[in-house]
Protein chains: 2
Amino acid sequence: MDETTFAVLGTGGIGRRALEVSQHKDGVTPVAACDRNGVAVDFDGLDVDELLAATEGNIDSGPNDDDVAADGGAATGDGSTTTDDGETTVDSSGVKQHGEQRGVVASAQARPSDDPIQDVIDAGDGIDAVLLALPNYEHDFIPRTADRFVEGGYSGVLIDVLKRSRVIDMLEDRSDDLEAAGITFICGAGATPGFLTGAAALAAQSFVEVESVDIWWGVGLKSGYEDNRGTVREDIAHLPEYDLETARELSDEEIEEIVDDHDGVIEFEDMEHADDVLLERAGICDAADVTVGGILDVRSDEKPTTTTVSVTGTTFDGERATNTFELGDETSMEANVNGPALGYLKAGVRRNRAGEYGVFGPAELMPGF
Amino acid sequence: MDETTFAVLGTGGIGRRALEVSQHKDGVTPVAACDRNGVAVDFDGLDVDELLAATEGNIDSGPNDDDVAADGGAATGDGSTTTDDGETTVDSSGVKQHGEQRGVVASAQARPSDDPIQDVIDAGDGIDAVLLALPNYEHDFIPRTADRFVEGGYSGVLIDVLKRSRVIDMLEDRSDDLEAAGITFICGAGATPGFLTGAAALAAQSFVEVESVDIWWGVGLKSGYEDNRGTVREDIAHLPEYDLETARELSDEEIEEIVDDHDGVIEFEDMEHADDVLLERAGICDAADVTVGGILDVRSDEKPTTTTVSVTGTTFDGERATNTFELGDETSMEANVNGPALGYLKAGVRRNRAGEYGVFGPAELMPGF
């Protein structure tokens, strides 16, 4: 495959780690990065070391990181919160800022911008794929960002690491527009749904009928807790007593109380995760046969449980069995988000170059499974 | 993806099971099948039930099934042994024949042919992919069959389930010719290398550097022993005291002796398996970092050990870990060959339609990994 160029929208946890991991991957070159304050573009390839060093501790975690990867994603996503009309909606309480300049502008490669997303769109001819590493301030934020790329005449790959089923539905509603624009949108390409639904799609290949897919994750988040408050808030929304709206309204103190009530270890069952709809889209099984749960420990960096994908089905010769995929406990959620995300990004570019447009889930990018 | 039509060359174990499993898969339609006696072609889709019923117990296991899938493949491959010049080289001792007509010709859909492979080539415009489910009588048999498709003007997908590194090399030597012909050749797409190197490619996504890939398989072959003598012979060639040539010269009695010496349970270490070169091709790790071994029990249908892929590496944030993929012990080798083979077949057709020609391993068909 030819060289793939990509941009990151958002230089928080996911965006930064994607830039960093791309340094280790063949054939992917970061050429643009932005947050809400500015943008860096270099078609010869960004100097990732400089950009990360200059902006370290100078990033914006956003007021609320709903929807960005749970076991999934370091949800300290920054990103431009520029709205459709170009107005910026900065919640300054969410900004962690130690440098003189805000966010990405601290890098010598970046310049301030009133509309950094538009700057990326304007550079779109030289960008094969755009990783939307944005916090999802509102749950239609990513879909609305996709609209901007359509309106701006971009044709290439857009890829996110979201996990909520409802966001996939909103993107699906835009499928015709994305196809007409020549955009290939890959949704949910982080650890989960991305990595783990890919594993489920593979594991299902022994079977002619899949009975159940069980995705069970463990995350230890002690040292990352401060940077991942958005993830914790998002996860709390999955507890039976809460939903997205009530969790959004919780004060930090109330969240601390909930964490204390659970002694720092919160277990989740039957989460609303897009794994189900993405596996159904890929023809692996019915959405109803997918269950997602896990354990988050905010007081230890050790995973409280092993992240495991179990696929149970029946073989063509009538045997019932379970294939399993397990992640080593030492693999961080950041490692499990960004490696797969870049892999799916490259797969998306291949599809895009072949003229396949519209919305795809990670499992649909697996080999014809 | 559009509908995919495919042919099977060889209606032995792999060919028959591929036809059967395709009935359970969306979007793959078998339109041709041949063995050395005849050919069935129906562009509306073969009646698989009729073909399998009519030819049951009426197939040719070939004199020697070298190179066809170990844990891998039901190596009872039949196939035309028609040579390049159209002469048939029938070893009648290898034919199991209970019907009046030989092999596939027992089906009402088939007709006798002096050169069934040429018949499939002639029907090539309506065939997206050809599964080479042939016993590899000589280790260049599959490569020479590929030559025939090139010479015959076929442009589509050729796919095999071979496992020997040297065959991959022979196909690689033909890469330019295949590319010029517009052929996408997928090699080693059965259980191993296919299924398990795909799993290794996926499992590697947590890591920026892979230290080792260990593939360990278990096969219980009691009821399938008679149909899989070729596989057993092939496996014996992996024992330290033997190689392909000396194993080929063993009489059936000598093979029985070797099996008896091992009490029916033969353990293999450091097998020459194409997994290593295929993972290196896909950029996952160096070939030298891949080890393949396993245990074959010809006196039980229970697997003597669990088939496991272990990928050990280092994450971008410096942690060392092992991700694992395990197949349920109840999954038969036939199930683990044919599901993945059809998935890779569909992936190959997608590549072919996008204009990507040449030789590919299964791991290269994974999402940009």
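Cut-off values and rules
Residues numbered from 1 in each chain as written. Chains lettered and ligands numbered in written order. Predicted model: local features only at pLDDT ≥ 70, side-chain atom pairs only at ≥ 80, totals over all residues. Heavy atoms only, no water. Core = buried A, V, L, I, M, F, W, Y, C linked by side-chain atoms within 4.5 Å. Buried < 20%, exposed > 50% of the residue type's maximum accessible area, 1.4 Å probe, protein only. Contact = heavy atoms within 4.5 Å. Axes fitted to C-alpha atoms, helices over the stretch in contact; angles between N-to-C directions. Helix = DSSP H or I, 4+ residues; strand = E, 2+ residues; numbered from the N terminus. Parallel < 35°, antiparallel > 145°, perpendicular 65-115°, else oblique. Nonpolar A, V, L, I, M, F, W, Y, C, P; charged D, E, K, R; others polar. Pairing = 2+ DSSP bridges. Buried area = accessible area lost by both parts, 1.4 Å probe. Salt bridge = Lys/Arg side-chain N within 4 Å of Asp/Glu carboxyl O. Polar contact = N/O pair within 3.5 Å; in protein donor to acceptor, adjacent residues only side chain to side chain.

- As named in an unreviewed UniProt entry, chain A is (S)-8-amino-7-oxononanoate synthase BioU, taken from Halopiger aswanensis.

1. With respect to the nonpolar core
Line of reasoning, step 1. Core analysis: the biggest nonpolar cluster contains 164 residues, and A:Val213, A:Phe325, B:Val213 and B:Phe325 have the highest contact counts within it.
Line of reasoning, step 2. Apart from the residues lying within four places of it in its own chain, the contact partners of B:Val213 are B:Ala200, B:Leu279, B:Cys285, B:Asp289, B:Val290, B:Thr291, B:Val309, B:Ser310 and B:Val311.
Line of reasoning, step 3. In terms of nonpolar packing, the next biggest core, distinct from the first, is built from 32 residues, B:Val31, B:Ile117, B:Tyr154 and B:Ala181 among them.

2. Considerations on the packing of helix α7 (residues 191-203) of chain A against helix α12 (residues 333-353) of chain A
Residues and elements named next belong to chain A.
Line of reasoning, step 1. Where α7 contacts α12, the axes come no closer than 9 Å and their chain directions differ by 70 degrees. Taken together, the axes of α7 and α12 are roughly perpendicular relative to one another. Residues Ala-191, Gly-194, Phe-195 and Gly-198 of α7 lie in contact with α12, whose contacting residues are Asn-336, Val-337, Pro-340 and Tyr-344.
Line of reasoning, step 2. A class-by-class count of the residues in the contact of α7 with α12 yields 5 nonpolar, 3 polar and no charged.

3. A look at the sheet that holds strand β10 (residues 290-297) of chain B
Line of reasoning, step 1. As summarised here, the arrangement of the 10 strands in space is β9(A)-β10(A)-β8(A)-β11(A)-β12(A)-β12(B)-β11(B)-β8(B)-β10(B)-β9(B), forming an open sheet in which the pairing is mixed. Each edge of the open sheet carries a strand with a single partner, namely β9 (265-268) of chain A together with β9 (265-268) of chain B. Direction aside, neighbouring strands of the sheet carry axes that sit 10 degrees apart on average.
Line of reasoning, step 2. As paired elements, strand β12 (residues 320-326) of chain A and strand β12 (residues 320-326) of chain B share 3 bridges and run antiparallel to each other. Within β12(B), the position partnered with A:Phe325 by the bridge is B:Phe325.

4. Concerning the interface of chain B and chain A
Line of reasoning, step 1. Across the boundary between the two partners, chain B contributes 48 residues, which contact 48 residues of chain A.
Line of reasoning, step 2. In this assembly, chain B packs against chain A so that about 3,800 Å² is buried in total across both faces, 62% of it on carbon and sulfur atoms.
Line of reasoning, step 3. Linking chain B with chain A are 2 salt bridges, by the criterion used here.
Line of reasoning, step 4. A salt bridge links B:Glu356 to A:Arg350, with the nearest nitrogen and oxygen atoms 2.4 Å apart.
Line of reasoning, step 5. Taken together, the links from chain B to chain A amount to 16 residue pairs in polar contact (both at pLDDT 80 or more).

5. Overview of the pairing of strand β5 (residues 129-132) of chain B
All names here are of chain B.
Line of reasoning, step 1. Covered by surrounding structure in β5 are Ala-129 and Leu-131 together with Val-130 and Leu-132, the residues of both alternating faces.
Line of reasoning, step 2. By the bridge criterion, 4 bridges tie strand β1 (residues 4-9) to β5 in an arrangement that is parallel. Looking at β5, one finds that Leu-9 is bridged to Leu-132.
Line of reasoning, step 3. As paired strands, β5 and strand β6 (residues 157-160) are joined by 4 bridges and run parallel to one another. Paired with Leu-132 across the bridge in β6 is Asp-160.

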